[in-house]
Amino acid sequence: MEEIYVRHVELLGFEKRFFPSQHYVYMLMVKWNDLSEKLIYRGYPEIYTFHKSLKEMFPIEAGDIDKKDRIIPALPAPKWLDNQKSTETRQSTLAEYCGSLINLPPKISRSQLVRSLFKVRPEDENPPAQHPSVQLQTRDNTSEISGPIILESYRVIADYSHTSKYEITLQIGDLVEIVEKSPNGWWFCQCDIKRGWVPASYLEPLDGPEESEEADPNYAGELYITTKAYKAAEDDELTLEMGETIEVIHKLLDGWWVVRKGEETGHFPSMFLYRTGEKKEMESEEHVMRRQTPPPRRSTIRNAQSIHSKGRQRISQDTYRRNSRRFLQQKGGRPNQPRKTSKASTQSPLQECTLCWGQKATLTCVVVTQHNATDV
């Protein structure tokens, strides 16, 4: 039986997709030697990953041994931010690449690697429904489409190996796009064709070391209940038991929030905290990654390498405690002092609610028991 191989590839255009995140795919009409024709959809990161694998498989033809022997066509690396304009302007380059690829010697053009790239997949035959605000873009169609949802790009500062099927392995220097920033410090990212959860502590912005979205400290505090006991592993962390009521005074994007318990302050994993007075919604296993441990902190990462000359500015616990005491003194409430009966009292939320929580201790225990699961 004659071996099936690709004899022609035609680039028809591209589409914008929104699942699992906003991205673009190219539409390729693949014609095989058995006269069959199949429409497939491929993203540029996947094609570029294939290109790198092809060069590794055929180093002589890739020019790695001697540049004059190179016959495998070149292909530019993906841009940091993939948008509609870059996808459109890349069409001619990709069309030329596919044409040159199919015209290479049979040992390359008919290899299993090439056939696998162009082989029709179930998702090609049943592509996701197109978003109503998006118009199909063909090479002869110059009509406008809605502006792209630009995902933030971050750089990986150290090698990270996944510890569950929900995570992805990354290497230092990789560029990732952020799909979701979870408050617990686990961020959903995409890198080339890989998608999964990554600790925020392993990522840094490209334009500077500081996080523009990170809020300032709020020394008034917000009441939370611990849903799981945690023993401090670093000097600037707090050890707390399950069911304790504390005040959150600084919510950091890496998932390690600064909390206040009496006069003491320290970092505590936000994944073990539940805000009082709010109904906790449990997500299904299909959409949540359950973990028993919080994400690693930046201070525990070995061999971290940043592209920025200055590191992130961090507030010390001495500064947190000093500012916390000053704030409470200015507002008329000192930690561990008897609660004032005046209606105008402006003590911290934890002090004002001490009697309330004491009267409702039974209810507190029920709430903590019902919500001691950890979601990420």
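For the structure, see preceding data.
Now for a look at the structure at hand. Remember, predicted model here, so these are calculated numbers, not experimental data.

Here we take up the pattern of salt bridges. Applying the stated criterion to the full structure yields 15 salt bridges. Here Arg-260 and Glu-247 are joined by a salt bridge, their closest N and O atoms 3.1 Å apart. One end of the pair, Arg-260, is in strand 12 (residues 256-261); the other, Glu-247, is in strand 11 (residues 245-250), and 13 residues separate them in sequence. According to the relative accessible area criterion, Arg-260 is buried, its value standing at 1%. One network of salt bridges, with partners in common, ties together Glu-222, Lys-251 and Arg-275.

Right, let's get into the nonpolar core. Leu-54, Leu-94, Leu-101 and Phe-118 are the most contacted members of the largest nonpolar core, which has 29 residues in total. Breaking this core down by element, the ones donating at least two residues are strand 1 (6-17), strand 2 (23-32), helix 1 (44-57), helix 3 (91-102) and helix 5 (112-118). Non-local contacts of Leu-54, meaning those with residues more than four positions away in its chain, are made with Ile-72, Tyr-97, Leu-101, Ile-108, Leu-113 and Val-114.

What follows concerns the sheet that holds strand 6 (residues 175-181). Sheet strands line up and pair through hydrogen bonds in the backbone, either parallel or antiparallel. Strand order in the open sheet made by the five strands is 8-7-6-5-9, with antiparallel pairing throughout. Each having just a single partner strand, strand 8 (194-199) and strand 9 (203-205) make up the two edges of the open sheet. Here the strands of the sheet are splayed against their neighbours by 45° on average, with no regard to which way each runs. Bridge analysis of strand 6 against strand 7 (residues 186-191) gives four bridges, and the strand direction is antiparallel. If you follow Glu-177 over to strand 7, its bridge partner there is Gln-190.

Take the packing of aromatic side chains next. Within this structure, the stated rule accounts for eight aromatic pairs. Taking the centre distance of 5.3 Å and the plane angle of 75° together, the rings of Phe-188 and Trp-197 count as edge-to-face. The exposure class assigned to Phe-188 is buried, which follows from its relative accessible area of 19%. Exposure remark for Trp-197: the relative accessible area of 8% places this residue in the buried category. Between Tyr-230 and Phe-268, the ring centres sit 5.7 Å apart and the planes meet at 90°, which makes this aromatic pair edge-to-face. Taken as a pair, Tyr-230 in the loop between strand 10 (222-226) and strand 11 and Phe-268 in strand 13 (residues 264-269) lie far apart in primary sequence, 38 residues in all.

Across its 14 residues, helix 1 extends 20 Å between first and last C-alpha, which sits within 8% of the 20 Å expected from 1.5 Å per residue. Residues of helix 1 that are buried include every one of Tyr-44, Pro-45, Glu-46, Ile-47, Tyr-48, Phe-50, His-51 and Leu-54, and no others. Here the buried face of helix 1 lies against strand 2, strand 3 (37-42), helix 3, helix 4 (106-109) and helix 5.

Here we take up the pairing of strand 11. A large share of strand 11 lies buried, amounting to six of its six residues. Of the pairings in the sheet, the one linking strand 10 to strand 11 comprises four bridges and is antiparallel in character. Bridge pairing in strand 11 places Tyr-224 opposite Ile-246. Pairing geometry for strand 11 and strand 12, over three bridges, is antiparallel.

The next thing to look at is the sheet that holds strand 11. The strand order 13-12-11-10-14 describes an open sheet built from five strands, whose pairing is antiparallel. Two strands lie at the open edges of the sheet, namely strand 13 and strand 14 (273-275), each paired on one side alone. Strand-to-strand twist of the sheet, defined as the mean angle between neighbouring strand axes without regard to direction, takes the value 45°. For strand 12 and strand 13, the ladder comprises six bridges, and the chain directions are antiparallel. Residue pairing in the sheet places Arg-260 in a bridge with Thr-265 of strand 13.

Quick notes on the rules
Residues numbered from 1 in each chain as written. Predicted model: local features only at pLDDT ≥ 70, side-chain atom pairs only at ≥ 80, totals over all residues. Heavy atoms only, no water. Salt bridge = Lys/Arg side-chain N within 4 Å of Asp/Glu carboxyl O. Helix = DSSP H or I, 4+ residues; strand = E, 2+ residues; numbered from the N terminus. Buried < 20%, exposed > 50% of the residue type's maximum accessible area, 1.4 Å probe, protein only. Core = buried A, V, L, I, M, F, W, Y, C linked by side-chain atoms within 4.5 Å. Contact = heavy atoms within 4.5 Å. Pairing = 2+ DSSP bridges. Axes fitted to C-alpha atoms, helices over the stretch in contact; angles between N-to-C directions. Phe/Tyr/Trp six-rings, centres within 6.5 Å; stacked < 30°, edge-to-face > 60°. Expected span 1.5 Å × (residues − 1).

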